Structure formats: C-alpha cells, structure tokens
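# Notes for the structure review
Listed here are the chains, written in short residue letters.
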Amino acid sequence: MKKTPILIGSCPTIPIGRIGSHSNLLKKPFKPNLGFKKQVLFKQLLEGTATAKQTKMEILHLGRIQETFPTTLAIAEIDGYSLWVRSYSSEDRDLIKQTIRSVVLKTAYIHKVFVWAEWLEPHRLGILTQPLEADQPIPIIELCEAVRGWIAAHLKTTVTVGIGVTTYDWAGVAASYKAACSTLDFKVALGSNRLILTEDISSGQECDMIRQLHLLHVIGQAYRMGNTAWVERFRELFEELRHHLFSRYELLNMFNYFIYHLHREMSELLENYREIWKRETLPMLHLILQEKDTLVQIEACFYDTLSSSFERMMTIRAGNSSSLLIQNMMSYIEEHCIDQDFSLTYLSDHFGLNSSYLSRLFKEESGETFISYVTRVRLEYAKTLLRETPRSIKDVSLRVGYLNPLTFTRIFKKNTGITPSVYRQQDSANKL
C-alpha cells in the first residue's frame, strides 16, 4: 500500500529518495534574462561604473560597441508622460515603447550607424550611437530627427530628444549622458516634440529672477483684492520668462513659490472665497505642475484655472454691497494716498463711516489692513519714480506722502529688504 507523504502545514514533505534530485537542481547556475543583462550593462556604461575588466568584456560581447570609436549619447523622452500613462493600458504602453525602440534601430540601419538603445526609465530611452567605421561622422541629428518625425506621424505619442556631446572613449560616455540629461531639463522652456542640443542651452540668456519674484507678489495681491490688473501682470510675467532660459527645476521652484504666495494671500479672505481656492484652484495648480511639460502649457492651464476661480469670486463680490464699497475705497486711496495728511480718519470722513468699522470692514473684504494697503500703494509709486526719474530720495519721499526721508527709507527697507538707493542701483544694473 502506497504511503501518503507527511504534511507540515499545507506543504507536503519531499520523500528522502528525491532529495538528491532536488539538490542537483539547486546546483545549476542561474542564467539571467539576456535583455535584462544588456540593460544593466548599458546603465553601468552610461553612469561610468563599468570599470571592471569582466564588465567591459561583457559590454564588448553583448553591446557590440567599440571602446575607441566616436560615441554620442541621446535620450528620447516621452512627452506628457503622466497623461500618456493614463491614456493607455499597460500592454499598449509596452507595445508603443517596443515600437519606438524598433524605429530607432531601423532608422540607424538606414543611416548606416550602429545603435545600442535601452529604456533607462519608464519615459526615457537611451540611444548610444557609433559609426560603422572609426573615421566616419555620426549623423546624430539626422538620425534623431528622423526618429522624432516618424513617431509624431505614426503614433499618438511625441518624444523630445536631448543630444549629448561626442566622446572618443568609454570614459567620456558618462559625460555625454549627463549632457543629454541636462538638455532635457530645458524642455520646459524650449518646448516639446523637438531636438535639444547642448548648444541650445549654452547660449541661453541668464536672469537673476528678481523682477519675476516681484511680479509674483503683485499678481497675488491684485488677485486677492479682485483687481483685474492681475491678468496684465500675469501676461507680463510669462512674457519675461519666455525671454530667458530656465531649467525645469528653476521654473518648478518659481511656480511652487507662486502657488505658496497665492495661498497666503487667499487665506486672508473670508471663508466663501477660501473654499473656492482650497477645494478647486489650489489642487488644480499643483496637478498642472505635475502633468505639463512646457512653459506654454503651464501658462495656458494656470491662466484658465485662475480666471475661472477669479470670475466665481467676482460673482460673490458683485452680490456683496460691502465688496463694492471696498473697491471704491481702494480706488480713492490710490488717487489720494500720496497726500501727506492722508489717514484712516480722512478716508472715513469722505465715506461717512466710523473709522473703526471701516478698518474692520476693509480687512475682512480685502484681506489686508488699511495701513498695509496705503503703504504698499505708496511704495509702488516710489519704485516707479526711482526707476524712471532722476529725482533725489528726499524728493521721492515727499512725492509719495512721507515728510521725513529717514522714515521713508526705513519703511522702504522693511518692505523690500533694501534701501531706495540700492533699489535704484540694482534696477540700473539690470538694464545694462
């Protein structure tokens, strides 16, 4: 009678007679997937970690590249990757990526170039190119443009290709890879579905961002107060950004600060305004930064989102008589606050309201105190005079409502971080 194996838990024990056969299986060497092995070697070469002699021999054997031939690295990055992932199933994404890699290999054959291409990240294909003969040039631009054009024409996908520098030994491959990665950092400024060369970013105009940060503050203040001037300043901001070359890291830092500043401004308003901001506008702005690749896309989506919320808040303000009153007060302040005897009493007398009530109402509706608003309007006018006229600091002080130039200088520095004279010097330097 055949005996039933003894059970330990839910797993049967292995009969003693078969232990030898199982141990033989364990002794067999593990053979990794060849494609995975090539991908690992490719990454080691690009990262500069392929230093061991055995690793180099494997690269020569599996990668079939020459150590002393001219080599150029390019990276094809899928545009709008977050949206792309949501648009296709996992199987379709794999098929598209296989197609992109195949197109690279076939195009290289047509251009008589050797190519080793591997996916380095889910959205980035590394493309290593070498000539078939050591003295032949590498038509890297023609090759990559042909690949980019075919993908745009035949797939519902586009890629931006960053091209690194040409190197003449394996030690320089990592530098070429790093250069290709650096070019893609500027896709946000230069645009997608194109080639980006190292020359494109080395010729970019530098900028110290001081004026851009100033515009961010002006936009936030105008937006909070329901002033449509925010739209003009918003357009001005992005117009300036288009004239300078910023990396994605720099622009993301700037826009995250912009969102943070807007959030601080909106937190000063009444609950019904804050709800619109917190529930709808704020999450959407963060989502835009995650999903959009280029400055043009970010500008359009930011503007649509902010405009929609602004219109909703203006509708609330239109049905609120207090909001209309505050808007009238702001206009009156902007016209008369440079008078040296202008005060809260002056304003309350003009509108026939108790000064304490007016002060509280102004803060509730505008999110800013009366004194703070008057100071800001005066300082903005002072900045204009400092930038556009040669008037002395004393004269500027008098013209914006401050009898004592020392008081003006102290308030100016407290609000801007620098003195009026330094502000003028920095503005003059930026114009050179």
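Residues numbered from 1 in each chain as written. Predicted model: local features only at pLDDT ≥ 70, side-chain atom pairs only at ≥ 80, totals over all residues. Heavy atoms only, no water.

Here P420 lies in helix α21 (residues 420-431). Setting aside its immediate chain neighbours within four residues, P420 contacts L386, I393, F408, T409 and F412. (Helix = DSSP H or I, 4+ residues; strand = E, 2+ residues; numbered from the N terminus. Contact = heavy atoms within 4.5 Å.)

Contact geometry of helix α10 (residues 210-224) with helix α11 (residues 229-242) gives a least axis separation of 8 Å together with a crossing angle of 160 degrees. Overall, the two elements α10 and α11 adopt an arrangement that is roughly antiparallel. Every pair of crossing elements has a handedness; the one defined by α10 and α11 is left-handed. Here R211, Q212, L215, L216, V218, I219, A222 and Y223 of α10 come into contact with α11, specifically with A229, W230, R233, F234, E236, L237, E240 and L241. (Axes fitted to C-alpha atoms, helices over the stretch in contact; angles between N-to-C directions. Parallel < 35°, antiparallel > 145°, perpendicular 65-115°, else oblique. Left-handed = near helix turned anticlockwise from the far one by under 90°.)

Throughout the structure, instances matching the rule amount to 24 salt bridges. A salt bridge links R376 to E368; its shortest N-O distance comes to 2.9 Å. D395 serves as the salt-bridge partner of R391, at 3.0 Å between the closest nitrogen and oxygen. Among the residues examined, D395 registers a relative accessible area of 25% and is labelled partly exposed. (Salt bridge = Lys/Arg side-chain N within 4 Å of Asp/Glu carboxyl O. Buried < 20%, exposed > 50% of the residue type's maximum accessible area, 1.4 Å probe, protein only.)

Summed over all chains, the structure comprises one cavity of 30 Å³ or more. As a volume, the largest cavity reaches approximately 40 Å³. Those elements that provide at least two residues to the lining of the largest cavity are α15 (321-336) and α17 (355-366). Here the lining of the largest cavity gets four residues from one element, more than from any other, and that element is α15. By residue class, the composition of the lining of the largest cavity is three nonpolar, three polar and two charged. (1 Å grid on protein atoms, 1.4 Å probe; cavity = no way out; pocket = protein on both sides within 12 Å on 5 of 7 lines; lining within 4 Å. Points joined across faces, edges and corners; volume = space filled by probe spheres on them. Nonpolar A, V, L, I, M, F, W, Y, C, P; charged D, E, K, R; others polar.)

It is the contact of helix α13 (residues 271-291) with helix α14 (residues 295-318), at a shortest axis distance of 10 Å, that shows an interaxial angle of 175 degrees. With respect to α14, the element α13 is oriented roughly antiparallel. Here α13 contributes N272, Y273, I276, W277, E280, T281, M284, L285, I288 and L289 to the contact with α14, which in turn contributes I298, C301, F302, T305, L306, S309, R312, M313, I316 and R317. Residue composition of the contact of α13 with α14, grouped by class: 13 nonpolar, four polar and three charged.

In total, this model carries 22 aromatic pairs according to the counting rule given. Taking 5.7 Å as the distance between ring centres and 55 degrees as the angle between the ring planes, the aromatic pair formed by F362 and Y373 counts as tilted. One end of the pair, F362, is in helix α17; the other, Y373, is in helix α18 (residues 370-388), with eleven residues separating them in the sequence. Each member of the aromatic cluster is reached from another via a ring pair, and the members are Y223, W230, F234, F238, F255, F258, F302, Y303 and F310. The residue whose ring lies beneath R235 is Y303, and the NZ or CZ to ring-centre distance is 4.0 Å. A cation over a ring is seen here: R378 above Y402, with NZ or CZ 5.0 Å from the ring centre. (Phe/Tyr/Trp six-rings, centres within 6.5 Å; stacked < 30°, edge-to-face > 60°. Lys NZ or Arg CZ within 6 Å of the ring centre and 35° of its normal.)

This part covers helix α12 (residues 248-266). The end-to-end C-alpha distance of α12 is 26 Å, a good match for the 27 Å that 19 residues give at a rise of 1.5 Å each. All buried positions along α12 are accounted for by L251, M254, F255, F258, I259, H261, L262, E265 and M266. Seen end-on, α12 carries its buried residues on one side only, within an arc spanning 165 degrees. In this structure, the buried side of α12 is in contact with α8 (187-190), α10, α11, α13 and α14. (Expected span 1.5 Å × (residues − 1). Arc of directions from axis to C-beta.)

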